[in-house]
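Coordinates in review
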Amino acid sequence: MYSLPKNVTLIEVGPRDGLQNEKNSIPTDQKLAFIHSLQQAGIHEMEVTSFVSPKWVPQMSDSKEIMARVSKQGRQIVLTPNARGVENALKAGADSMAVFVGVSDTFNQHNINRSTTESVETLRPIVHQLKIDQRFVRACISTAFHCPYEGFIPLEQTLALCKKFVDMGVDELSVADTDGMANPLASYTLFRELKKQFPNILITAHFHDTRKLGLANIYASLQAGVDRFDTSAGGLGGCPFAPGATGNVATEDALYLLQSINVETGIDLDKICAAVDEVAPYLSRPIETAMYNLYKRRSK
Ligand code: HMG
Ligand code: MG
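Residues numbered from 1 in each chain as written. Chains lettered and ligands numbered in written order. Predicted model: local features only at pLDDT ≥ 70, side-chain atom pairs only at ≥ 80, totals over all residues. Heavy atoms only, no water.

**Observations concerning the packing of helix α2 (residues 28-40) against helix α11 (residues 269-279)**
In contact at an axis separation of 8 Å, α2 and α11 are set at 175 degrees when each is read in the N-to-C sense. Between α2 and α11, the angle falls in the class roughly antiparallel. Of α11, the residues touching α2 (which contributes Q30, A33, F34, S37, L38 and Q40) are K271, I272, A275, V276, E278 and V279. Considered class by class, the residues forming the contact of α2 with α11 number seven nonpolar, three polar and two charged. (Axes fitted to C-alpha atoms, helices over the stretch in contact; angles between N-to-C directions. Helix = DSSP H or I, 4+ residues; strand = E, 2+ residues; numbered from the N terminus. Parallel < 35°, antiparallel > 145°, perpendicular 65-115°, else oblique. Contact = heavy atoms within 4.5 Å. Nonpolar A, V, L, I, M, F, W, Y, C, P; charged D, E, K, R; others polar.)

**As for the pairing of strand β5 (residues 136-142)**
By the criterion of burial, β5 is predominantly enclosed, with seven of the seven residues buried. In β5, alternate side chains face the same way, and those of F136, R138, C140 and S142 on one face and V137, A139 and I141 on the other are all buried. Examined bridge by bridge, β5 and strand β8 (residues 172-177) share four bridges and lie parallel to one another. Directly across from I141, in β8, lies its bridge partner V175. (Buried < 20%, exposed > 50% of the residue type's maximum accessible area, 1.4 Å probe, protein only. Pairing = 2+ DSSP bridges.)

**Notes on the sheet that holds strand β4 (residues 96-102)**
Within the closed barrel, the eight strands sit side by side as β1-β2-β3-β4-β5-β8-β9-β10. Their pairing is parallel. Averaged over neighbouring strand pairs, the angle between their axes works out to 25 degrees when direction is ignored. Of the pairings in the sheet, the one linking β8 to strand β9 (residues 202-207) comprises six bridges and is parallel in character. Within β9, the position partnered with S174 by the bridge is T204. Of the strands in this sheet, β1 (9-12) and β10 (228-231) touch helix α10 (residues 251-260), which is tilted by about 175 degrees from β1.

**A short note on α10**
Within α10, seven of the ten residues are buried, which leaves the element mostly enclosed by the surrounding structure. Of all the positions in α10, only T251, E252, D253, A254, L255, L257 and L258 are classed as buried. In the stretch just after α10, N262 is the one whose phi turns positive, near 60 degrees.

**What to know about the pattern of salt bridges**
Counting across every chain of the model gives 19 salt bridges. With a closest N to O distance of 2.8 Å, D167 and K163 form a salt bridge. Of the two residues, D167 and K163 are both situated in helix α7 (residues 155-168); the distance of four residues between them amounts to about one turn of the helix. Residue K163 is classed as partly exposed on the basis of its relative accessible area of 41%. Through salt bridges with shared partners, a single network forms among R16, D17, E45, E47, R75, R138, E172, R228 and D230. (Salt bridge = Lys/Arg side-chain N within 4 Å of Asp/Glu carboxyl O.)

**As for the environment of V101**
Along the chain, V101 falls in strand β4. By relative accessible area, V101 is classed as buried at 2%. In the structure, V101 is positioned 20 residues away from P81 in sequence and 8.1 Å away in space, judged by C-alpha atoms.

The structure is reproduced here in structure tokens:
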């Protein structure tokens, strides 16, 4: 019989992964209100914005202001693709960085305009310096299971890329099912291997819920010993450079799953739904997650 972790950390990615793919331009005040409501719901780690090219992702062009005004509760992580991004992020007061790279070369080319190898070589000295300066570094590994351009990715290729970042000394690997093609068996297999090969760093699972297998994948990863998951309030988002990908597993739905099997997160489900409710009027699409729908029905 397997045993599940007793405590799980949910890393909220709604303000970054969630909003980056949103068509409407969301006012900065509204983004900050969303972030602060999520913090008040008990979120301690959050991707709050990204320092990427505003030409590539216009929604994230207010990252400097977000960092200037965000409440410094818990860990605020920002995404940085290159030296320019890290420099801007540090100037803006960020001290926890997420670097990101795709296992698939074609995806990486679409996302960062570089091959995977070029990205790794660009990031190596950057991560090295960040670790000398004692910053928290998370490596987001995209297309760990499947690429929207290249198809299924061999397990060994994902493990080999993860190892490069572990060898650089990152604190965390966030391993992503970018286009929602993972299944519980593949999730269990990859995460069990990651936990076995890299026992000394944080391992986080990042599932997009394109085919509604996100919760099943979370459960399978719990069985493999994973106790950290990236989730997005309202199930928002997706990567603009991964065609067909939808949002992450919704924080509120993941919370319900975890509560129902007595796994502690320290996060208040109703307060997450209230945070979603505040941002919902600004979005181009209705929010349809199970727990948010129930919350709306109850509050009528
Ligand atoms: P490029 O066009 O090759 O950049 O884009 P470049 O180095 O040739 O520079 C071109 C111009 O951009 C220059 O300005 C640079 O200064 C500027 P110009 O001289 O023309 O005025 N520039 C920047 N500006 C602001 N911030 C920067 C920056 N870097 C260069 N950091 C680049 C390369 C990486 C910049 C571009 O491809 C980019 O910004 N890509 C980001 C894509 C992105 O944000 N994707 C979504 C996040 S990843 C994701 O969602 C996946 C994840 O959730 C996990 C999963 O689900 O898979 C993490
Ligand atoms: Mg993502």
